[in-house]
2 protein chains.
Amino acid sequence: RVKWELLNDAKMNHMAETGIKGIDLYFKNNGIWQYINTARPSGKSNDFLLVGNMNPSMREYKMYLPLYDGVTNLEIGLDSTSNILKPERTNKKPIVFYGTSITQGGCASRPGMVHTSIISRKLAVECINFGFSGNGRMEKPLAELISEIDALFYVMDGTNNMTPEQIHENAIPLVEIIRSRHAATPIIFVEGLLNDRSYLDLKTRNAEVAKNEMLKSEYQEMIRRGFKNIYYIGQAGGKGSDFESTVDGVHLTDLGFSRYADFLLKEFRRIKVTDRKRGR
Amino acid sequence: RVKWELLNDAKMNHMAETGIKGIDLYFKNNGIWQYINTARPSGKSNDFLLVGNMNPSMREYKMYLPLYDGVTNLEIGLDSTSNILKPERTNKKPIVFYGTSITQGGCASRPGMVHTSIISRKLAVECINFGFSGNGRMEKPLAELISEIDALFYVMDGTNNMTPEQIHENAIPLVEIIRSRHAATPIIFVEGLLNDRSYLDLKTRNAEVAKNEMLKSEYQEMIRRGFKNIYYIGQAGGKGSDFESTVDGVHLTDLGFSRYADFLLKEFRRIKVTDRKRGR
């Protein structure tokens, strides 16, 4: 049973409230994180029974908090005959994602289905999500914040909220800031996914292609300047090929996030950054 | 551009408003229906620009109306230099689905992603959706309504809202009513999908298994009584094997509906009911 208080009780017309402000529960089943249930929100104060009628047994659980709202208070209730132990601390370095509303989880149906949560479960590595709806413009203060984390690698996840000029101005300084603290940690730039609508809307398509071309050109300039361990992932295939991965042409559904997670995992393996799983 | 008026302006906390009361637009691209965009609802009266900046060309479009609300008025706006033609009428028989909230589309992110819409696009056959949230109990009046349609085949899609007793009472009379009008049209019974939570919640699991066992037993009784062209589809594998297909353990997300559509298509092909594509 979980009780939680929300900061804003936010609503959006293209994302389920379970994703915006619900809570997901998973448990570890033979080494694999398995979904159990989602606590559905009903207002600022919420109270939901996630699961009952179980065989008594010690299990490892994982809880995902709201994607698009803050939690000001959280209480977890158990049967009076059960108890809860502190989790073990991982000694693996985390993966850091920095990006847009898509990175933040728009529009997963529930918190466990944003790609960073899926990748975290599949790789057994913590993913730290710096996704900012309407933002993610590679700004200097964020670059500084991110570089405070000793990451396995950094993922710059999408450019949808940037102009080509902003990409030109911010991408190389972002790398310089991270490199000033982390000489060799991989930094991965991922192109922005194309809007489904822009298959027909040529003006939108041209604007999106121009951003990705600018990102590619900045990446080539980084390589020319001698920066090492910088990688580039194109958007093609990032959400499959059938144009069914989004709720609005832009934001991913659970289907889209599932495909995007698998796509990024394949790309991470191709560039061999997931092999670097050393302890801190 | 689309303007639409809603009957209820309904809301639910585990389904995006785009799915509850939005409108989806697709176009036919080399014989394949391709998603363009979703009109996002903002209240009882809605107005949304679905796509612009296109190359002028004659295209075939398909629009999906809200899954969980009524539409009392609908207006479609075009450029003043464009025009709209009447669609061609298909001479293929439709597939009729009768079932629960899942059949009705809970909880697809947008109307085009309920399994009946996906199956309709993939088979190029109309799917008539008799999904009733909280209902779908094989009632006699519904059996009579459904049997008025000359279908390619009938799908009895899930038993989640029935007790084993109701299944025992209603399943055979349902077949008798359809058979009184359609001597040989295939009738397919599909088991109810198991709740993800019921992997741990043993009480819920036992209740769900009891329903499916009753359905199986009624199916065997139909066969014993000599009814022909009755088929049975088990729930195993219906939403994949990773427990990630739902928003609340029960209702399918776009990921779940995508898997369920592929699962049913495979089963339909196995029992060879999709080969019967004769004209009316």
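Up top you'll find the structure we're talking about.
Residues numbered from 1 in each chain as written. Chains lettered and ligands numbered in written order. Predicted model: local features only at pLDDT ≥ 70, side-chain atom pairs only at ≥ 80, totals over all residues. Heavy atoms only, no water.

Expressed as a screw operation, the relation of chain B to chain A combines 0.0 Å of axial shift with a rotation of 180°, fitting to an RMSD of 0.0 Å. Both copies of the chain, as the preceding transformation shows, are related through a two-fold rotation axis. (Least-squares fit on C-alpha atoms with pLDDT ≥ 70 in both.)

Moving on: helix H5 (residues 164-181) of chain B. Residues and elements named next belong to chain B. With 18 residues, H5 ought to run about 26 Å at 1.5 Å a step, and its terminal C-alpha atoms sit 27 Å apart, in line with that. A bend of about 30° at asparagine 170 is the largest found in H5, and the proline proline 173 appears one to four places after it. Those residues of H5 that are buried lie in contact with helix H4 (140-147), strand E9 (153-157), strand E10 (187-190), helix H6 (202-224) and strand E11 (230-233). (Helix = DSSP H or I, 4+ residues; strand = E, 2+ residues; numbered from the N terminus. Expected span 1.5 Å × (residues − 1). Bend = angle between axes of the 7 residues up to and from the residue. Contact = heavy atoms within 4.5 Å.)

As for its position among the elements, Thr246(B) is in the loop between E11 and helix H7 (254-270). On the accessibility criterion, Thr246(B) (0% relative accessible area) is buried. A polar contact of 2.7 Å, which involves the side chain of Thr246(B), links it to the side chain of Asp196(B). In this structure the side chain of Thr246(B) is engaged in a polar contact, spanning 2.7 Å, whose partner is the backbone nitrogen of Gly249(B). Setting aside its immediate chain neighbours within four residues, Thr246(B) contacts Tyr35(A), Arg110(A), Asp196(B), Lys239(B), His251(B), Leu252(B) and Thr253(B). (Buried < 20%, exposed > 50% of the residue type's maximum accessible area, 1.4 Å probe, protein only. Polar contact = N/O pair within 3.5 Å; in protein donor to acceptor, adjacent residues only side chain to side chain.)

This paragraph deals with the packing of helix H3 (residues 115-123) of chain B against H7(B). All names here are of chain B. It is the contact of H3 with H7, at a shortest axis distance of 9 Å, that shows an interaxial angle of 55°. As the angle between them shows, H3 and H7 are arranged oblique. Crossing hand, H3 versus H7: right-handed. Contact with H3, carried on its side by His115, Ile118, Ile119, Lys122 and Leu123, involves Phe257, Ser258, Tyr260, Ala261, Asp262, Leu264, Leu265, Phe268 and Arg269 of H7 and no other residues of that element. Counted by class, the contact of H3 with H7 contains nine nonpolar, two polar and three charged residues. (Axes fitted to C-alpha atoms, helices over the stretch in contact; angles between N-to-C directions. Parallel < 35°, antiparallel > 145°, perpendicular 65-115°, else oblique. Left-handed = near helix turned anticlockwise from the far one by under 90°. Nonpolar A, V, L, I, M, F, W, Y, C, P; charged D, E, K, R; others polar.)

Across a sheet, strands are paired by hydrogen bonds formed along the backbone, either parallel or antiparallel in direction. Residue and element names in this part refer to chain B. The sheet built from three strands is open, its strands ordered E4-E1-E6 with antiparallel pairing. Of all the strands in the sheet, the pair left with one neighbour each is strand E4 (45-48) and strand E6 (71-76). The sheet shows a mean angle of 10° between the axes of neighbouring strands, taken without regard to direction. Inspection of the sheet shows strand E1 (residues 2-6) paired to E6 by five bridges, in the antiparallel sense. The residue bridging tryptophan 4 from the neighbouring strand is leucine 74, located in E6. (Pairing = 2+ DSSP bridges.)

Residue and element names in this part refer to chain A. Note the cis peptide between glycine 106 and cysteine 107, where omega equals 10°. Positionally, cysteine 107 belongs in the loop between helix H2 (101-104) and helix H3 (115-123). Although it is not a glycine, asparagine 229 sits at a positive phi angle of roughly 55°. Positionally, asparagine 229 belongs in the loop between helix H6 (202-224) and strand E11 (230-233).

We now examine H3(A). Residue and element names in this part refer to chain A. Taken across its nine residues, H3 has eight buried, putting it largely inside the fold. For H3, every residue scored as buried is listed here: His115, Thr116, Ser117, Ile118, Ile119, Ser120, Arg121 and Leu123. Among the residues trailing H3, alanine 124 stands out with phi positive, at a value near 55°.

We now examine the interface of chain B and chain A. Counting residues at the interface gives 44 residues for chain B and 44 residues for chain A. Each partner contributes to the roughly 3,900 Å² buried at the junction of chain B and chain A, and carbon and sulfur atoms together form 52% of this total. Considering only the surface of chain B that becomes buried against chain A, Asn13(B), Leu200(B) and Glu244(B) emerge as the three largest contributors, covering 18% of it. At the junction of chain B and chain A, the tally comes to six salt bridges. In this structure, Glu244(A) engages Arg110(B) in a salt bridge whose closest nitrogen and oxygen atoms are separated by 2.9 Å. The tally of links from chain B across to chain A stands at 32 residue pairs in polar contact (both at pLDDT 80 or more). (Buried area = accessible area lost by both parts, 1.4 Å probe. Salt bridge = Lys/Arg side-chain N within 4 Å of Asp/Glu carboxyl O.)

This next bit is on a nonpolar patch on the surface. A cluster of nonpolar side chains, Leu65(B), Val71(B), Leu74(B), Ile76(B), Leu78(B) and Ile84(B), forms an exposed patch at the surface whose accessible area comes to about 510 Å². Counting through the fold element by element, Leu65(B) comes out in the loop between strand E5 (61-64) and E6. (Patch = residues over 30% accessible without salt bridge, like charges linked within 9 Å, V, L, I, M, F, W, Y side chains within 5 Å. Areas by Shrake-Rupley, 256 points an atom, 1.4 Å probe, with all protein chains shown as cover.)

Let us look at the state of the cysteines. Using the criterion set out here, one finds zero disulfides over all chains in the structure. Not engaged in a disulfide, the cysteine Cys127(A) finds its nearest cysteine sulfur in Cys107(A); these two sulfurs lie 20 Å apart. (Disulfide = S-S within 2.5 Å.)

Residues and elements named next belong to chain B. The sheet built from three strands is open, its strands ordered E3-E2-E5 with antiparallel pairing. Both edges of this open sheet fall to strand E3 (32-39) and E5, since each of them pairs with a single strand only. When the angles between neighbouring strand axes are averaged without regard to direction, this sheet yields 25°. In the sheet, strand E2 (residues 23-29) pairs with E3 via seven bridges, with the strands oriented antiparallel. Residue asparagine 29 lies in a different strand from E3, and its bridge partner there is isoleucine 32.

A word on the nonpolar core. Judged by nonpolar contacts, the single largest core of 78 residues is most densely connected at Phe268(A) and Phe268(B). In this structure, Phe268(A) is in contact with Phe97(A), Ile119(A), Phe153(A), Val155(A), Ile188(A), Ile233(A), Val273(A) and Thr274(A), ignoring residues within four places of it in sequence. (Core = buried A, V, L, I, M, F, W, Y, C linked by side-chain atoms within 4.5 Å.)

Residues and elements named next belong to chain A. Evaluation of the coordinates by the stated rule reveals 34 salt bridges over all chains. Here lysine 28 and glutamate 60 are joined by a salt bridge, their closest N and O atoms 3.7 Å apart. Taken together, the positions of lysine 28 in strand E2 (residues 23-29) and glutamate 60 in the loop between strand E4 (45-48) and strand E5 (61-64) put the pair 32 residues apart, joining distant regions of the chain. Put simply, Asp9, Lys11, Glu17 and Lys21 are held in one network by salt bridges that share partners.

Residue and element names in this part refer to chain B. It is the contact of H4 with H5, at a shortest axis distance of 9 Å, that shows an interaxial angle of 25°. Put simply, H4 runs roughly parallel to H5. As for how H4 packs across H5, the hand of that crossing is right-handed. In this structure, H4 uses Lys140, Ala143, Glu144 and Ser147 to contact H5, whose residues at the interface are Leu174, Ile177, Ile178 and Arg181. Among the residues forming the contact of H4 with H5, the class breakdown is four nonpolar, one polar and three charged.

Turning next to the environment of Ile36(A). Mapped onto the elements, Ile36(A) comes out in strand E3 (residues 32-39). Look at Ile36(A) and you get buried, because its relative accessible area is 1%. Expressed as a C-alpha distance, the spacing of Ile36(A) and Gly134(A), which sit 98 residues apart in the sequence, is 31 Å. Ile36(A) has contacts with Leu25(A), Tyr26(A), Phe27(A), Val51(A), Tyr61(A), Asp196(B), Arg197(B) and Leu200(B), leaving out every residue within four places of it along the chain.

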